[in-house]
Amino acid sequence: MKKQLKEVLLFFAAGIAVQAGAYLYLDQVLFSTTAEYNVSEVQKPAAAGDRSAYEGVRLRGKAYYSYDNAYMADVSDDAVTIYRADDLDNPQRVDLKDQGVSFFEWMPDRNLALMALYPIHWRGGQWDVTLARYNPEGTVHESDAPIEDLPRNSKIVDVAYSTATNAVYMKMQVGSGLYRIYRTDANYDTRRIYVQTASIGKIAVFYDEDRFFYDDTERGLMYTFNGDTSSWRIISPPGMFRLVGVGQDKTIYAARVNGRGEAVEFYTGKLGVGFDKVGEPSAPVDFDTVTVHTIQEAARHGASGKKE
């Protein structure tokens, strides 16, 4: 009797193990997500590789390196070629479908590229542009955000994206010094965001919430747009200010500019708190040369922006 009971228990345990294995396979393999673009958790970057692996590559355009240097993209106006560090003899030539490239950038935490395409060989008809993604470890790239029937010669010239929310904001040049903002998300819901100026300068987003930032280059105002409520407000202090960037800790970096558009003071701030002056250059500098790192260094080494 005891022997029969033991055999029954062993059979029952084996059945449970098989069933658990089947559920694990279904959950982790068969039904697991394969779209890296929709990963909402910010991944910690791997240790950077050695870019010297690409020294023998003859570039046609500009080199863009993935976050871990596993890939390098050679990007020109009408071609994108992607090299893998450990397989340089077999580059991937991206099929742009006879389109031109106006923007290219690797995601900051994974080997996935965003690129903006436009009809470089336009022969009439409506003018459409697309924000596409390319996974060098896959087989094809997908057209994520087609934007149709735009003014001729429109191009996406900058992109700000949140790796946590998958919200992507696109700065679209529609004329000389004239810009629009479009937004798309993981569901490919693409729409125009109506903002308070056509003279848009820098753009940025918070990494973990749908909060967009931009500035007005003519009036010297900085704005924030809440993607959840579609509301906006001015966030800059009194005076002429330009947005420089936004940090991972949600610090907002800005510069006060003079009438010639030169940066004369550096500021940092937080939403709902305000801005504080953290430094200034020894003499007015071209705003386009100011970076987040510039302001961080100025704050670290005192008002002069110089090391003591």
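Residues numbered from 1 in each chain as written. Predicted model: local features only at pLDDT ≥ 70, side-chain atom pairs only at ≥ 80, totals over all residues. Heavy atoms only, no water.

1. Some remarks on the pattern of salt bridges
Then, in step 1: Per the counting criterion, the structure on display carries 14 salt bridges.
Then, in step 2: The partner of Asp78 in a salt bridge is Arg60, and the shortest N-O contact between them spans 2.8 Å. Separated by 18 residues along the polypeptide, Asp78 in the loop between β2 (71-76) and β3 (79-84) and Arg60 in the loop between α1 (2-30) and β1 (62-65) bring together distant segments of the chain.
Then, in step 3: In this structure, a network of salt bridges that share partners links the residues Arg256, Glu265, Lys277 and Glu280. (Salt bridge = Lys/Arg side-chain N within 4 Å of Asp/Glu carboxyl O. Helix = DSSP H or I, 4+ residues; strand = E, 2+ residues; numbered from the N terminus.)

2. So, the sheet that holds β1
Then, in step 1: If you trace the 4 strands from one edge of the open sheet to the other, you get β1-β2-β3-β4, paired in antiparallel fashion. Sheet topology places β1 and β4 (87-93) at the edges, where each strand pairs with a single neighbour. Shown here is a sheet whose adjacent strand axes are inclined to one another by a mean of 25 degrees, direction ignored.
Then, in step 2: Bridge analysis of β2 against β3 gives 6 bridges, and the strand direction is antiparallel. By the bridge assignment for β3, Met72 is matched with Tyr83. (Pairing = 2+ DSSP bridges. Axes fitted to C-alpha atoms, helices over the stretch in contact; angles between N-to-C directions.)

3. A look at the side chain of Asn135
Then, in step 1: Assignment of secondary structure puts Asn135 in the loop between β7 (127-134) and β8 (142-150).
Then, in step 2: One polar contact links the side chain of Asn135 to the main-chain amide nitrogen of Glu137, over a distance of 3.0 Å. (Polar contact = N/O pair within 3.5 Å; in protein donor to acceptor, adjacent residues only side chain to side chain.)

4. Focus on the confidence of the model for the chain
Then, in step 1: Model confidence for the chain is summarised by a mean pLDDT of 84, while 81% of its residues fall at 70 or above.
Then, in step 2: Overall, residues 1-48 carries pLDDT values under 50, and its contacts beyond four positions in sequence, including any with other chains, amount to 36 contacts.
Then, in step 3: Of the regions scoring below 50 in pLDDT, residues 303-308 engages in 12 contacts with residues more than four places distant in sequence or in other chains. (pLDDT = per-residue confidence, 0-100. Contact = heavy atoms within 4.5 Å.)

5. Points about helix α2 (residues 292-301)
Then, in step 1: For α2, the full list of buried residues reads Ile295, Glu297, Ala298 and His301. Looking down the long axis of α2, one finds its buried residues gathered within 160 degrees of arc, a one-sided arrangement.
Then, in step 2: Just beyond α2, the residue with positive phi is Gly302, at close to 100 degrees. (Buried < 20%, exposed > 50% of the residue type's maximum accessible area, 1.4 Å probe, protein only. Arc of directions from axis to C-beta.)

6. Concerning the sheet that holds strand β14 (residues 211-216)
Then, in step 1: Read across the sheet, 4 strands follow the order β13-β14-β15-β16 without closing on themselves; strand pairing throughout is antiparallel. Both edges of this open sheet fall to β13 (200-205) and β16 (231-234), since each of them pairs with a single strand only. With strand direction ignored, the average angle separating the axes of adjacent strands in the sheet is 20 degrees.
Then, in step 2: As judged from the 4 bridges shared by β13 and β14, these two strands associate in the antiparallel manner. Following the sheet pairing, Val205 is matched in β14 by Phe212.

7. Some points on the environment of Thr163
Then, in step 1: Note on placement: Thr163 falls in the loop between β9 (155-161) and β10 (168-175).
Then, in step 2: Taking relative accessible area as the criterion, Thr163 reaches 7% and is therefore assigned buried.

8. What about the nonpolar core?
Then, in step 1: Grouped together as the largest cluster of nonpolar side chains are 19 residues, with contacts concentrated most on Val129, Leu131, Ile156, Val159 and Met170.
Then, in step 2: Looking at this core, the elements that each hand over two or more residues are β6 (113-118), β7, β8, β9 and β10.
Then, in step 3: The residues contacting Met170, other than those within four sequence positions of it, are Leu131, Ala145, Ile147, Ile156, Asp158, Val159, Arg180, Ile181, Tyr182, Arg183, Thr184 and Thr190.
Then, in step 4: Ranked by size, the runner-up nonpolar core spans 15 residues in total, among them Val80, Val94, Phe104 and Leu117. (Core = buried A, V, L, I, M, F, W, Y, C linked by side-chain atoms within 4.5 Å.)

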